[in-house]
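One-letter residues, chain by chain:
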Amino acid sequence: MSELGSLPTPVPPVNPETRVFWDATANGRLLLPRCTVCGSVFWYPKTLCGACGSVAVEWIESSGLGIVYSCTVTRRGVGDYRDAVPYVLAYVELDEGPRVMTNIVDCPPEDVAIGQRVAVVFHDTGAGCSLPRFRPVAQTGSQGLPS
Amino acid sequence: MSIRGKAFIAGAYEHPGRELPDLSLAQIHAEVALGALADAGLSLSDVNAYFCDGQFGFGGISMADYLGLSVRYTDSTNTGGSSYIGHVGHAAAAIAAGKFDVALITMAGKPRTQGRVRPTFQIAPEYAFEEVFGPTTLGMYALAASRHMYEYGTTSEQLAEIRVAASWHAQFNPHALMRTPVTVEDVLASPMVSDPLHRLDSCLITDGGGAVVVVSPDVARSLDRQCVKVLGHGEAAKHLGGGRIDLTYTGAVWSGPQAFEEAGITPADVDYASIYDSFTITVLQIVEDLGFCEKGQGGAFVSDGGLIAPDGRLPFNTDGGGLCNNHPASRGGMTKIIEAVRQLRGEAAPQVQVRDCEIAVAHGNGGSLATRTGAATLVLGREDT
Ligand SMILES: [Zn+2]
């Protein structure tokens, strides 16, 4: 059983295409790629828009807010997560549109539910970048309803 | 051009072993190759094309060397567990184009004795945005199950019905690893591994392998063995869609219609289906996606013996499937083809043989479920269809 918020922080492999994204996480900023041709805001971070094929892509800053699109309490972990169970693996739908893989933290794993409102938190990897995870926040409006 | 009737499966062989500490991987490939060729009445010297998933590196060259094959064509398409179903389609298309007339497809693995490692690729562009969050194989499927339950009201009891059906079939297969029928209650009482999936929602981890031989119509006519006609094939790669991922369906929504159209059939014409069963949710989504029922109605469709042979709505995985019989190399596509061949030849276990089985489907899923995932559908018919 892990303490709340004590998930491992594996260092992601960073490459020239993704350095801007990861550097921003060190400053507590969640960037998203946006196509300047068709306007699509997409995930994961890359420099080609899969919606229209354009390579004219810019970075915008996400609000860091979203809702849980799907979640599972993982009770048998592997690798870095072997001793981190139970922990919540989830897709969060950001307010900007993209659904991103992440963990939900700072609450009992069993309490996480689809539709729950969440906000980003950054967990420092100690290697110049941080992992964007999410924690529950108060519900607002109709965000909790299925789309 | 269509592949309908342009190629036949002449030989099929499933390794009887489920735990093989004393065989090398190449030996397992060789045993299943010889088994499938013997089943067809052919020999290694007849083979002029070789297909595998390329696990030894540089495609099929290594095993072609080991087996002493003289091949003019190789294909090592690797779409996870769906690979081999794709291989049959590729072989049929190439046979129709006159590239060769006898293709050997083999697969083998030893995850039970060597330990299963979740395949990941650090150099893949998505890796950094997923693997750091601790996804497990089961966790990825669980995310799809959770969302399906949320949108459609699918229940754990309904998922358990899939395991119940597979275990009922497995009792009639002397080679099956788990031959004891289980109940819905047994499934729900097994340990939760990644909510909402339990241990008994999960496939087996087995050593072993399998092989099939795909031949031209001329070669098929020359053989004494009853062959199975390749009627249609479809493939698809489903992905994140720029982050608009929908976890409630798989690539079968695209591969299925392609295969059915090529075969000239509809889902209602299918007598038996081998459906990829890495986890119970895999089966549930695929029966919906292939059009055997409406989207979201899979839970009701699989309940009340809906999948149990020979009289269920859709007899499936009559060998016990990857859930109870065999899931060699954690890649279930090959065994899906092999049981479909048995059904069409009338050689399934008598208790689960579908009467007058004329049309069968083998569907494979590869990678994960509903996220980045391969799909391959094959429609097969009795030799005289
Ligand atoms: Zn665009």
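Considering helix α10 (residues 280–289) of chain B
Note that an α-helix has 3.6 residues per turn; residues three or four places apart therefore point the same way.
Residue and element names in this part refer to chain B.
Part 1: Among the 10 residues in α10, 10 count as buried, and that is most of the element.
Part 2: Looking only at α10, the buried set comprises Thr280, Ile281, Thr282, Val283, Leu284, Gln285, Ile286, Val287, Glu288 and Asp289.
Part 3: Positioned one or two residues after α10, Gly291 has a phi angle of 90 degrees, which is positive.

Some points on the coordination of the zinc ion
Residues and elements named next belong to chain A.
Part 1: Those donors, Cys35 (SG), Cys38 (SG), Cys49 (SG) and Cys52 (SG), are the protein atoms that reach the zinc ion, and they lie 2.3 to 2.4 Å from it.
Part 2: Each of the four donor atoms bound to the zinc ion contributes to angles spanning 103 to 118 degrees, and the resulting shape is tetrahedral.
Part 3: Read in sequence order, the donor residues coordinating the zinc ion give the pattern C-x2-C-x10-C-x2-C. Residue Cys38 is located in the loop between β1 (31–35) and β2 (57–61), and its partner Cys49 is located in the loop between β1 and β2; the two are separated by 11 residues in the primary sequence.
Part 4: By relative accessible area, which is 0% here, Cys49 ends up buried.

Points about the nonpolar core
Part 1: Among the nonpolar cores identified, the biggest contains 85 residues, and Tyr91, Ile104 and Phe134 of chain A together with Ile281, Leu307, Leu314 and Val379 of chain B are the most heavily contacted of them.
Part 2: If one sorts the elements of this core by residue count, helix α5 (residues 137–152) of chain B sits on top with eight residues.

Things to note about the sheet that holds strand β9 (residues 272–275) of chain B
Residue and element names in this part refer to chain B.
Part 1: With respect to topology, nine strands assemble into an open sheet ordered β3-β2-β4-β7-β1-β8-β11-β10-β9, the strand pairing being mixed. Either end of the sheet is taken by a strand with one partner, and the two such strands are β3 (74–75) and β9.
Part 2: When strand β8 (residues 228–238) meets strand β11 (residues 373–382), the two strands line up antiparallel, connected through 10 bridges. The residue of β11 that forms the bridge with His233 is Leu378.
Part 3: Contacts from helix α1 (residues 25–40) reach β1 (8–14), β2 (49–51), β4 (102–109) and β7 (208–215), with the element oriented near 140 degrees to β4.

Notes on the interface of chain A and chain B
Part 1: Contact with chain A, which involves 42 residues of that partner, is made by 32 residues of chain B.
Part 2: Summed over both sides, the interface of chain A with chain B buries roughly 3200 Å², with 63% coming from carbon and sulfur.
Part 3: Counting the surface chain A buries against chain B, the share from its top three residues, Tyr44, Tyr69 and Met101 of chain A, is 20%.
Part 4: For the pair chain A and chain B, the number of links is one salt bridge.
Part 5: Of the charged contacts, one joins Asp195 of chain B and Arg75 of chain A as a salt bridge, the two residues approaching to 2.8 Å between their closest N and O atoms.
Part 6: Across the chain A-chain B interface, the total number found is 18 residue pairs in polar contact (both at pLDDT 80 or more).
Part 7: Going through the elements one at a time, α1 (19–26), β3 (65–74), β4 (87–94), β5 (99–104) and β7 (130–136) of chain A are the ones with two or more residues in the side of chain A that touches chain B.
Part 8: Counted by class, the side of chain A that touches chain B contains 27 nonpolar, 10 polar and five charged residues.

Comments concerning the confidence of the model for chain A
Part 1: Per-residue pLDDT for chain A has a mean of 93; in total, 91% of the residues score no lower than 70.
Part 2: Residue range residues 142–147 of chain A is modelled with pLDDT below 50. Its contacts to residues more than four positions away, or to other chains, number 11 contacts.

Thoughts on the pairing of β7 of chain B
Residues and elements named next belong to chain B.
Part 1: Of all the eight residues making up β7, eight are buried; the element is thus mostly covered by neighbouring parts of the structure.
Part 2: Side-chain alternation along β7 places Gly208, Gly210, Val212 and Val214 on one buried face and Gly209, Ala211, Val213 and Val215 on a second face that is also buried.
Part 3: Judged from the eight bridges that link them, β4 and β7 form a sheet pairing that is antiparallel. From the neighbouring strand, Val102 faces β7, where its bridge partner is Val215.

Some thoughts on the pattern of salt bridges
Part 1: Enumeration according to the criterion identifies 25 salt bridges over all chains in this entry.
Part 2: One salt bridge connects Asp95 of chain A with Arg117 of chain A, and the closest N-O pair in it is separated by 2.8 Å. Of the two residues, Asp95 of chain A sits in the loop between β4 and β5 while Arg117 of chain A sits in strand β6 (residues 117–124), which places them 22 residues apart along the sequence.
Part 3: Classification of Asp95 of chain A as partly exposed rests on a relative accessible area of 40%.
Part 4: Its relative accessible area of 6% is what places Arg117 of chain A among the buried residues.
Part 5: Across the pair Arg345 of chain B and Asp39 of chain B runs a salt bridge whose closest N-O atoms are separated by 2.8 Å. Highlighted residues: Arg345 of chain B in helix α13 (residues 333–345) and Asp39 of chain B in helix α1, separated in sequence by 306 residues.
Part 6: Among the charged side chains, a salt-bridge network with shared partners connects Glu14, Arg18, Glu339 and Arg342 of chain B.

A word on α5 of chain B
All names here are of chain B.
Part 1: For α5, spanning 16 residues, the distance from its first C-alpha to its last is 23 Å, which sits close to the expected 22 Å at 1.5 Å a residue.
Part 2: Of all the 16 residues making up α5, 12 are buried; the element is thus mostly covered by neighbouring parts of the structure.
Part 3: Burial in α5 covers these residues: Leu138, Gly139, Met140, Tyr141, Ala142, Leu143, Ala144, Ala145, Ser146, Arg147, His148 and Met149.
Part 4: Positive phi appears at Gly153, one or two residues downstream of α5, with a value of about 75 degrees.

Parameters and conventions
- Residues numbered from 1 in each chain as written.
- Chains lettered and ligands numbered in written order.
- Predicted model: local features only at pLDDT ≥ 70, side-chain atom pairs only at ≥ 80, totals over all residues.
- Heavy atoms only, no water.
- Buried < 20%, exposed > 50% of the residue type's maximum accessible area, 1.4 Å probe, protein only.
- Helix = DSSP H or I, 4+ residues; strand = E, 2+ residues; numbered from the N terminus.
- Donors = N, O, S within 2.8 Å, 3.2 Å for Na, K, Ca; no water.
- Tetrahedral: all angles 85-135°; square planar, octahedral: opposite > 155°, others 65-115°.
- Core = buried A, V, L, I, M, F, W, Y, C linked by side-chain atoms within 4.5 Å.
- Pairing = 2+ DSSP bridges.
- Contact = heavy atoms within 4.5 Å.
- Axes fitted to C-alpha atoms, helices over the stretch in contact; angles between N-to-C directions.
- Buried area = accessible area lost by both parts, 1.4 Å probe.
- Salt bridge = Lys/Arg side-chain N within 4 Å of Asp/Glu carboxyl O.
- Polar contact = N/O pair within 3.5 Å; in protein donor to acceptor, adjacent residues only side chain to side chain.
- Nonpolar A, V, L, I, M, F, W, Y, C, P; charged D, E, K, R; others polar.
- pLDDT = per-residue confidence, 0-100.
- Expected span 1.5 Å × (residues − 1).

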